[in-house]
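# Survey of secondary and tertiary structure
The residues making up each chain are set out below.
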Amino acid sequence: MNAHIGSAGIAPIDVSDPELYRTDTWQEPFAKLRREDPVQYVPASEFGPYWSVTKYNDIMTVELDHGTYSSEDGITIRDTPDAVRRKSFIQMDQPQHTAERKTVAPIVAPFNLKNMTDTIRQRTCHVLDGLPRGQEFDWVDRVSIELTTMMLATLFDSPFEDRRKLTYWSDLSTFTDYNAPDALATDEFDKFEKLKEMAAYFGRLWDERKDQPPRFDLISMLAHSEATQEMDLKKFMGQLTLLIVGGNDTTRNS
């Protein structure tokens, strides 16, 4: 990676600037970096200094070389204070990462998704058939969010009527622009306090599932796996937010 330093000689481009995404003007800065300086050191930003890695092969090098590039100290550009860091398996190196990831991976395996085909199809038809005709409506709210939260509630086997809570917790977990007018939290400490509601909610489900025979839902899988059955509050919160964001935010945006 050091061989790239200063090779292009272009001024640092701060792609962490939230304004690039508010105004949807992020495409050209990234294209310029990929063309001229794909591994660039940015000495100053709102979040401190960082490396900007923008080409696929370099990204894969960072992703797969755990000996050189560790995930243990966090995977986000904003450093989270230790007191409120919510560690999940995505912030772990091998072999612990694989052991904990294997706990929940079967739920999205092809064979299980195939078994859920009828349920997915029925819910999709129900949502689409219920859309208003001849008038404008919010596709994200009526379709994208509704479909993904329906399925996520199924994967967690959580109360169906509470599924929109999963949307809120996903948005809150990934929120970082604390100065925005519609900020969901004022800082990391405020976010942590608000996410305790999520931990309490799923903690009740956890207590139910751990005393029951293993079931094929995410909470039961975590509660019965040797790799995850003993978690403190922060790790429990971290695993929950990872699964909620992975299942809700990414699919919804797709």
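Keep in mind that what you see is a predicted model, and the values were worked out from it rather than measured.

Along its length, the chain carries 11 helices and two strands. Ordered by position from N to C terminus, the α and β elements of the chain give α-α-β-β-α-α-α-α-α-α-α-α-α. Principal-axis analysis of the C-alpha atoms gives the chain an extent of 60 × 55 × 40 Å. Sequence separation of 24 or more characterises 56% of the internal contacts of the chain that already satisfy a separation of 6 or more. Here the chain has roughly 14,700 Å² of accessible surface; of this, 53% comes from carbon and sulfur atoms. One way to put it: in the chain the 29 positive side-chain charges average out to a point 4 Å from where the 42 negative ones average out.

In this structure, aspartate 24 takes a positive phi of about 55° despite not being glycine. Residue aspartate 157 is not a glycine yet carries a positive backbone phi of 55°. Inspection of the secondary structure puts aspartate 157 in the loop between helix H7 (139–156) and helix H8 (163–174).

Note on soluble globular proteins: their nonpolar side chains tend to be buried together. Of all hydrophobic cores here, the largest spans 38 residues; its most connected members are Phe156, Trp169, Met198, Phe202 and Ile244. Counting only elements with at least two residues in this core, the list comes to H7, H8, helix H9 (188–210), helix H10 (218–224) and helix H11 (233–253). By residue number, the principal contributor to this core is H9, which donates eight residues. Ignoring sequence-local partners within four residues, the contact set of phenylalanine 202 consists of Phe156, Ser158, Leu166, Trp169, Ile219, Phe236, Leu240 and Ile244. If you look at the next biggest cluster of nonpolar residues, it comprises seven residues, including Ile10, Ile13, Val15 and Val42.

Model confidence for the chain is summarised by a mean pLDDT of 87, while 96% of its residues fall at 70 or above. Here helix H4 (residues 96–104) stands out as the least confident element of the chain, with mean pLDDT 79; helix H2 (residues 27–36) is the most confident, with 96. For residues 1–6, every residue scores under 50 in pLDDT, and the model assigns this stretch eight contacts once sequence neighbours within four places are set aside.

Before going further, it helps to examine the packing of aromatic side chains. Evaluated as defined, the whole model comprises nine aromatic pairs. Grouped by ring-pair contacts, the aromatic residues Phe156, Trp169, Tyr201 and Phe202 constitute a single cluster. It is arginine 163 that lies over the ring of phenylalanine 160; its NZ or CZ is 4.6 Å from the centre.

Attention now goes to the pattern of salt bridges. This model, assessed by the stated rule, comprises 16 salt bridges. A salt bridge links arginine 78 to glutamate 46; the shortest N-O distance between them is 3.9 Å. Placement of the pair is arginine 78 in the loop between helix H3 (56–64) and H4 and glutamate 46 in the loop between strand E1 (39–42) and strand E2 (50–53), with a sequence separation of 32 residues. Of the charged contacts in the structure, one is a salt bridge between aspartate 157 and arginine 215, with a shortest N-O distance of 2.2 Å. Taken together, the positions of aspartate 157 in the loop between H7 and H8 and arginine 215 in the loop between H9 and H10 put the pair 58 residues apart, joining distant regions of the chain.

Before going further, it helps to spend a moment on H9. In this model, H9 (23 residues) spans 30 Å end to end at C-alpha, consistent with the 33 Å of a helix rising 1.5 Å per residue. If you check which residues of H9 are buried, you get Glu188, Lys191, Phe192, Leu195, Met198, Ala199, Tyr201, Phe202, Gly203, Leu205, Trp206 and Arg209. Where H9 begins, the capping side chain belongs to aspartate 187, and its oxygen is found 3.1 Å from the backbone nitrogen of phenylalanine 189.

So, on to the packing of H7 against H8. The interhelical angle for the contact between H7 and H8, taken along N-to-C directions, is 105°, at an axis separation of 8 Å. As the angle between them shows, H7 and H8 are arranged roughly perpendicular. Judged by residue contacts, Asp141, Ile145, Glu146, Thr149, Met150, Leu152 and Ala153 of H7 engage Arg163, Arg164, Leu166 and Thr167 from H8. Within the contact of H7 with H8, the residues separate by chemical class into five nonpolar, two polar and four charged.

A separate point is the side chain of arginine 86. Considering the arrangement of structural elements, one finds arginine 86 in the loop between H3 and H4. The buried charged residue arginine 86 lacks any salt bridge partner; its closest oppositely charged side chain belongs to glutamate 188, at an N-O distance of 4.1 Å. Engagement of the side chain of arginine 86 in a polar contact is seen with the backbone oxygen of valine 84, the distance being 3.3 Å. Sequence-distant contacts of arginine 86, that is, excluding residues within four places in its chain, are made with Gln91, Ser173, Glu188, Lys191, Phe192, Leu195, Lys234, Met237 and Gly238.

About the thresholds
- Residues numbered from 1 in each chain as written.
- Predicted model: local features only at pLDDT ≥ 70, side-chain atom pairs only at ≥ 80, totals over all residues.
- Heavy atoms only, no water.
- Helix = DSSP H or I, 4+ residues; strand = E, 2+ residues; numbered from the N terminus.
- Contact = heavy atoms within 4.5 Å.
- Areas by Shrake-Rupley, 256 points an atom, 1.4 Å probe, with all protein chains shown as cover.
- Lys, Arg positive; Asp, Glu negative; His and termini not counted.
- Charge placed at Lys NZ, Arg CZ, Asp CG, Glu CD.
- Core = buried A, V, L, I, M, F, W, Y, C linked by side-chain atoms within 4.5 Å.
- Buried < 20%, exposed > 50% of the residue type's maximum accessible area, 1.4 Å probe, protein only.
- pLDDT = per-residue confidence, 0-100.
- Phe/Tyr/Trp six-rings, centres within 6.5 Å; stacked < 30°, edge-to-face > 60°.
- Lys NZ or Arg CZ within 6 Å of the ring centre and 35° of its normal.
- Salt bridge = Lys/Arg side-chain N within 4 Å of Asp/Glu carboxyl O.
- Expected span 1.5 Å × (residues − 1).
- Polar contact = N/O pair within 3.5 Å; in protein donor to acceptor, adjacent residues only side chain to side chain.
- Axes fitted to C-alpha atoms, helices over the stretch in contact; angles between N-to-C directions.
- Parallel < 35°, antiparallel > 145°, perpendicular 65-115°, else oblique.
- Nonpolar A, V, L, I, M, F, W, Y, C, P; charged D, E, K, R; others polar.

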